[in-house]
Amino acid sequence: MTETAAGSSRRPSGKSPEKRGFFGKIILFIRQVIAELKKVVTPTRKELLNYTLVVIGFVIIMMLIVTVLDLVFGQGAMFIFGGGAPEQ
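Computed from a prediction, not measured in an experiment: that's the story for all the values here.

Participant: Explanation requested: the overall build of the chain in the structure shown.
Facilitator: Helix and strand content of the chain: three helices and zero strands. Sequence-ordered secondary structure for the chain, helices as α and strands as β, is α-α-α. When the accessible surface of the chain is split by element, carbon and sulfur atoms take 69% of a total near 8400 Å².

Next comes the structure, spelled out in structure tokens:
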């Protein structure tokens, strides 16, 4: 449980935890969600551009790796199961 989740239950320390009803749990959840959303920081334009370029670069690298592996395994399968070395 995060500090926010523990802090927003608002029970005094030293007492046993109180049982919450169905709607009490829903209200507590909504309070915790709102508290977490207040912590969200919107990135600046420069940060957003940087993050976007990093993601695009990562995707391109992963595409290249998958393409090379696909070609290697495809050639290996063709060699093993036929169409590889021609018979004389």
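Participant: For this particular structure, what's the right way to read a nonpolar patch on the surface?
Facilitator: Taken together, Phe22, Phe23, Ile26, Phe29, Ile30, Val33, Ile34, Leu37 and Val40 make up a surface patch of nonpolar side chains, about 930 Å² in accessible area. Relative to the elements of secondary structure, Leu37 occurs in helix H2 (residues 22-37).

Participant: When you look at helix H3 (residues 45-81) in this model, what are you seeing that I'm missing?
Facilitator: Side chains three or four residues apart in an α-helix point the same way, a direct result of the helix having 3.6 residues per turn. Compared with an ideal rise of 1.5 Å per residue, which puts 37 residues at 54 Å, H3 spans 53 Å between its outermost C-alpha atoms and is within 8% of the ideal. At the C-terminal side of H3, Gly82 shows a positive phi close to 125°.

Participant: Would you mind showing me how to read the pattern of salt bridges here?
Facilitator: Oppositely charged side chains may form a pair once their charged atoms are brought near each other. Under the counting rule described, the total for this entry stands at one salt bridge. Across the pair Lys39 and Glu36 runs a salt bridge whose closest N-O atoms are separated by 3.3 Å.

Each value, and the rule that gives it
The written sequence of each chain sets the order in which its residues are numbered from 1. Predicted model: local features are reported for residues with pLDDT of at least 70 only, side-chain atom pairs are reported and counted for 80 or more only, and whole-chain, interface and lining totals are derived from all residues. To obtain the side-chain values, all non-hydrogen atoms of the structure were used and water was disregarded. A run of H or I in DSSP becomes a helix once it reaches four residues, and a run of E becomes a strand once it reaches two; helices and strands are each numbered from the N terminus. Here the accessible surface of atoms and residues is derived via Shrake-Rupley with a 1.4 Å probe, and residues count as covered only by protein chains that are part of the display. Exposure above 30% relative accessible area and the lack of any salt bridge qualify a residue for a patch; like charges then connect within 9 Å, and the nonpolar side chains Val, Leu, Ile, Met, Phe, Trp and Tyr within 5 Å. Here, a salt bridge means any Lys or Arg side-chain nitrogen found within 4 Å of an Asp or Glu carboxyl oxygen. Multiplying 1.5 Å by the residue count of a helix minus one yields the expected span of that helix.

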